[in-house]
Each structure stands twice: as C-alpha cells, then as structure tokens.
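Structural features, examined
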Amino acid sequence: MKKISLTGIKPTGIPHIGNYIGAIKPALQLSESCESRYFIADYHALNSCKNPDEIRSMTREIAAAWLAGGLDPDQVLFYKQSGVPETFELLTILLAFTPKGLMNRAHAYKAMLQSNQSAGKDPDDGVNMGLFTYPVLMAADILLFDTDLVPVGNDQFQHVEMAVDIAESFNFIYQTDALKLPEAIAQPHTKTLLGLDGRKMSKSYGNTIPIFSSEKELRKLVMKIVTNSQGIEEPKDPDTCNVFSIYQAFASPDQIEALRQRYLAGGMGWGHAKQELFEVMNEALTPIRNRYQELMQDPGYIDRVLAEGSHKAREIASAKISQLRQIVGID
Ligand code: ADP
Ligand code: TRP
C-alpha cells in the first residue's frame with residue numbers, strides 16, 4: 001500500500017521560485033512514490049485577504065504553478081479546499097477536541113500578539129478567529145484524507161504536530177483509530193531560498209522572483225539581487241553569496257562545483273555570476289513559463305481540472321465524514 005501524501009498552498013500572492021523549489025517541486029517528486037492529494041487552501045487565505053478578485057486570481061495562479069510545474073491531475077488528486085465542504089464539517093468536529101490553550105501556543109498567533117505588544121497595541125489587535133483557529137482548519141484538511149505524510153516547510157511543522165495532538169485526543173476518547181496520525185516531512189535537499197535582498201524569499205517581503213516572470217523580467221530581477229561591493233579581481237565566498245545560493249537550487253552538481261571554483265579563484269565580477277544564474281534559471285523556467293502561457297489561453301481549463309478534482313476528493317471525504325459522524329453519534 002502506497003503512503004498518502006497531502007499538502008496545500010494558500011492563494012495569497014503571486015507564486016514565486018521559493019514556492020516552486022521549496023514546495024511544489026519536492027511534493028511532485030514525492031508523488032512518484034505516494035498516492036498524493038494536493039490542494040489550494042483558499043479558505044485559509046480569507047483570514048488575511050478580503051479582496052475577492054485577488055483570491056480568485058491567486059487561486060488560478062497557484063493552480064497554474066502546480067500544473068505548469070508538472071502536476072498530472074490523472075495521477076494526483078488536485079482540488080480546492082472550498083470544493084470539499086466536508087472539510088468544514090470536520091473542522092466543527094475537531095474544534096470540540098481542541099483545547100484553547102493549544103491554540104494559544106501556535107507560533108503564528110504568538111508572533112502577532114508579540115508584535116502588537118511591542119507596538120503598544122491591544123494584544124489581540126487584528127487577530128480574527130480564523131487566524132486563531134487556523135491550525136484546526138489545517139488539521140481538518142489533513143485528517144479528512146487519511147494522510148500519512150505532509151511535505152511542508154519547517155514553519156508548518158508545529159501545525160502538523162497540533163493535528164496529531166487533536167487526532168490523538170479524538171481517538172483516545174472514542175477508543176478508535178479512525179483518525180490517522182500524520183507526519184510532517186521536510187523537503188529533501190532544499191534550503192530556504194533567499195530573496196533579492198538576502199532575506200527569506202517571501203511575498204510578505206516583496207523580494208520574490210515570480211515563477212512565471214518573462215525572460216526579460218527574470219534577467220532584470222536577477223540583476224537586482226543584492227551583493228557586496230567586492231571588485232572583479234577579488235576571490236569571493238560562494239557560501240555567503242545570495243546569487244550562489246539561488247544558483248544551487250537550479251544548477252547541476254557539476255555546474256555548481258565549476259561556479260564555486262570561479263568564485264574562489266577571483267577574476268569574476270558580480271555581473272558575470274548573475275549572468276550564469278540567469279542562464280540556469282531561464283533554462284529551468286522556460287518550459288514552465290511556456291506551459292503557463294498555454295494554460296492561460298484557456299482559463300476555463302484550470303477551473304474544470306479543479307472542479308473534477310474536488311468532485312473526486314468529495315467522494316473520499318464524505319465516506320470519512322460518515323464514519324466520524326457515526327463515532328460521535330451525530331448520524
Ligand atoms: P510566502 O512566504 O511567500 O508567503 P507561503 O508561506 O505561502 O510563502 O509558502 C507556501 C509554500 O512554499 C510552503 O510550503 C513554504 O515552505 C514554501 N516556501 C515559501 N517560501 C520559500 C522559500 N523562500 N524557500 C523555500 N520554500 C519556500
Ligand atoms: N498552512 C500552510 C501554509 O501556510 C498551508 C496549508 C493549509 C497546508 N492546509 C494545509 C499545508 C494542509 C499542508 C497541509 O503554507
């Protein structure tokens with residue numbers, strides 16, 4: 001029996017190469033050995049985004065990023081969270097098994113409290129209940145599909161551990177194993193990709209390189225990556241360099257070693273290193289960009305794929321919900 005892998009991405013910004021290298025690509029590799037269920041976490045986006053056009057268009061962009069990145073909807077169950085309303089029924093069930101204290105300990109919530117406190121505001125300023133109970137909705141996403149493995153970035157590990165806590169509490173109370181305990185797995189061989197300014201690439205920092213940048217935009221963005229002021233002749237340290245760090249995510253081991261030697265030898269300016277980076281990135285991203293252009297010619301296609309996937313996902317989800325309703329006595 002293959003293991004079940006599941007992950008979701010929120011449609012809250014233009015998909016960038018950090019999402020591709022850190023989430024989409026490794027999840028697609030995992031789907032070669034697992035039965036995979038990948039979805040767009042659209043209701044999760046509502047906590048922070050109240051612009052309907054933006055949610056709509058970002059949902060298509062994230063879906064396009066998965067499809068252009070190689071997701072085959074005949075192999076991977078691919079759907080929208082909102083297309084599986086059983087998720088929200090399970091959320092209601094799980095809320096009854098989630099201690100409030102557990103939510104108080106969630107990193108994202110704690111970070112908001114702290115930033116409010118240091119700004120002298122009310123600690124709960126700007127915190128809606130969707131944000132507060134975010135980990136329970138995420139637990140519902142995961143537990144609804146009998147998930148074994150959740151490929152996510154390190155920042156999401158705590159949420160998966162909370163899903164395990166909630167599932168254990170449910171299973172213990174009813175003396176059942178109806179809820180399978182999931183495990184978070186880090187993306188193999190991927191580090192956090194750095195952005196143009198050297199911080200983590202993130203849409204919240206505005207330092208991203210969008211996956212679907214045109215060749216011209218890509219070149220412009222690569223040339224903007226911040227470097228130090230060393231001159232051409234000086235030897236350079238690849239391990240503290242932004243350009244090299246992104247290069248490693250796209251180049252082959254031989255190319256990486258060759259560029260490393262050129263850094264150490266000196267005689268190579270930043271413009272040159274950036275040109276090398278642009279070339280490997282452009283080669284890797286061109287097929288994805290072309291596929292994206294094709295997908296965008298038929299906007300109905302993405303909607304149809306998601307609708308069909310959501311329909312199939314509901315069949316699995318409604319069987320699970322019937323089982324759980326019976327266990328709790330609401331049948
Ligand atoms: P962002 O930080 O841009 O808001 P998200 O939090 O929506 O990105 O992340 C979606 C997925 O992409 C997650 O699985 C996350 O781990 C991955 N991801 C985001 N940024 C990076 C990055 N800079 N490097 C590697 N993976 C990333
Ligand atoms: N919280 C995840 C993030 O911010 C997105 C997400 C929602 C998710 N539901 C999930 C990830 C279920 C894995 C499994 O990146």
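Preceding this section is the structure that the text describes.
Take the site of ligand 2 next. Taken together, 14 residues lie around ligand 2, and Lys-10, Tyr-134, Met-138, Asp-141 and Gln-156 are the ones closest in. Asp-141 has a polar side-chain atom sitting 2.8 Å from a nitrogen atom of ligand 2. The side chain of Gln-156 places a nitrogen or oxygen atom 2.9 Å from a nitrogen atom of ligand 2. For ligand 2, whose free accessible area comes to 360 Å², the fraction covered by protein is 90%. Of all the secondary structure elements, the ones that give two or more residues to the shell around ligand 2 are β1 (4-9) and α8 (134-143). Top element by residues in the shell around ligand 2 is α8. It accounts for 4 residues. Split by residue class, the shell around ligand 2 holds 8 nonpolar, 4 polar and 2 charged.

Near ligand 1 you find His-16, Gly-18, Asn-19, Gly-22, Ala-23, Gly-153, Thr-192, Leu-193, Lys-200, Met-201, Ser-202 and Lys-203, and these make up its full shell. Asn-19 is positioned such that a nitrogen or oxygen atom in its side chain is 3.1 Å from an oxygen atom of ligand 1. Taken together, the residues that form the shell around ligand 1 break down as 3 nonpolar, 7 polar and 2 charged.

Quick look at the packing of helix α3 (residues 52-68) against helix α13 (residues 270-297) now. One can describe the packing of α3 onto α13 by two numbers: an axis separation of 9 Å at closest approach and a directional angle of 125 degrees. Judged by the inter-axis angle, α3 sits oblique to α13. For the pair α3 and α13, the sense of crossing is right-handed. Seen from α3, the contacting residues are Glu-61, Ala-64, Leu-67 and Ala-68; seen from α13, they are Ile-288, Arg-291, Tyr-292, Leu-295 and Met-296. Residues that form the contact of α3 with α13 fall into these classes: 7 nonpolar, no polar and 2 charged.

Right, let's get into the pattern of salt bridges. All chains considered together, the criterion is met by 12 salt bridges. As a salt-bridge pair, Asp-146 and Lys-320 come within 2.9 Å of each other at their nearest N and O atoms. One end of the pair, Asp-146, is in the loop between α8 and β4 (149-151); the other, Lys-320, is in helix α14 (residues 299-328), with 174 residues separating them in the sequence. A relative accessible area of 8% places Lys-320 in the buried class. Of the charged contacts in the structure, one is a salt bridge between Arg-260 and Asp-239, with a shortest N-O distance of 3.2 Å. Placement of Arg-260 in helix α12 (residues 253-265) and of Asp-239 in the loop between α10 (215-224) and α11 (242-250) is noted, with a sequence separation of 21 residues between them.

Here the focus is the packing of helix α4 (residues 86-95) against α14. Relative to each other, α4 and α14 sit at 25 degrees, their axes nearing to 9 Å. Taken together, α4 and α14 sit at an angle that is classed as roughly parallel. You can see that α4 and α14 cross each other, and the crossing is left-handed. Here Glu-86, Glu-89, Leu-90 and Ile-93 of α4 come into contact with α14, specifically with Arg-314, Ala-317, Ser-318, Ile-321, Leu-324, Arg-325 and Val-328. Here the contact of α4 with α14 is built from residues that sort into 6 nonpolar, 1 polar and 4 charged.

This next bit is on the side chain of Asn-242. Structurally, the position occupied by Asn-242 is in helix α11. What makes Asn-242 buried here is its relative accessible area of 10%. Polar side-chain contacts of Asn-242 include one of 3.2 Å to the backbone oxygen of Val-226. When residues no more than four places from it in sequence are discounted, the contact partners of Asn-242 are Leu-194, Gly-195, Leu-196, Asp-197, Gly-198, Ile-225 and Val-226.

Our next topic: the nonpolar core. Among the nonpolar cores identified, the biggest contains 56 residues, and Ile-17, Trp-66, Phe-78, Tyr-263, Leu-277 and Met-281 are the most heavily contacted of them. When contributions to this core are tallied by element, the ones reaching two or more residues are α1 (17-30), β2 (35-40), α3, α10, α11, α12, α13 and α14. For this core, the leading source of residues is α13, giving 10 residues. When residues of this core are assigned to domains, at least three fall in each of domain 1 (4-192 + 299-328) and domain 2 (203-292). In contact with Ile-17, not counting residues within four places along its chain, are Gly-22, Leu-193, Met-201, Ile-209, Ile-211, Ile-246, Phe-250, Met-281 and Leu-285. Core analysis: the second largest hydrophobic core is formed by 43 residues, Phe-97, Val-127, Leu-144 and Ala-317 among them.

A few words now on the packing of aromatic side chains. The tally for this structure, following the rule as stated, stands at 13 aromatic pairs. Summarising the aromatic geometry, the rings of Phe-97 and Phe-170 are spaced 5.0 Å apart at their centres and angled 65 degrees between planes, so their arrangement reads as edge-to-face. Of this pair, Phe-97 sits in the loop between α4 and α5 (100-104) while Phe-170 sits in helix α9 (residues 157-174), and the two are 73 residues apart along the sequence. On the accessibility criterion, Phe-97 (11% relative accessible area) is buried. Grouped by ring-pair contacts, the aromatic residues Phe-244, Tyr-247, Tyr-263 and Trp-270 constitute a single cluster. For the cation-ring pair, Arg-219 lies above Phe-278, with the distance from its terminal atom to the ring centre recorded as 4.2 Å. Note that Lys-236 overlies the ring of Trp-270, its terminal NZ or CZ placed 5.4 Å from the centroid.

What counts, and at which threshold
- Residues numbered from 1 in each chain as written.
- Chains lettered and ligands numbered in written order.
- Predicted model: local features only at pLDDT ≥ 70, side-chain atom pairs only at ≥ 80, totals over all residues.
- Heavy atoms only, no water.
- Near = heavy atom within 4 Å.
- Polar contact = N/O pair within 3.5 Å; in protein donor to acceptor, adjacent residues only side chain to side chain.
- Areas by Shrake-Rupley, 256 points an atom, 1.4 Å probe, with all protein chains shown as cover.
- Helix = DSSP H or I, 4+ residues; strand = E, 2+ residues; numbered from the N terminus.
- Nonpolar A, V, L, I, M, F, W, Y, C, P; charged D, E, K, R; others polar.
- Axes fitted to C-alpha atoms, helices over the stretch in contact; angles between N-to-C directions.
- Parallel < 35°, antiparallel > 145°, perpendicular 65-115°, else oblique.
- Left-handed = near helix turned anticlockwise from the far one by under 90°.
- Contact = heavy atoms within 4.5 Å.
- Salt bridge = Lys/Arg side-chain N within 4 Å of Asp/Glu carboxyl O.
- Buried < 20%, exposed > 50% of the residue type's maximum accessible area, 1.4 Å probe, protein only.
- Core = buried A, V, L, I, M, F, W, Y, C linked by side-chain atoms within 4.5 Å.
- Domains from an automatic or database assignment.
- Phe/Tyr/Trp six-rings, centres within 6.5 Å; stacked < 30°, edge-to-face > 60°.
- Lys NZ or Arg CZ within 6 Å of the ring centre and 35° of its normal.

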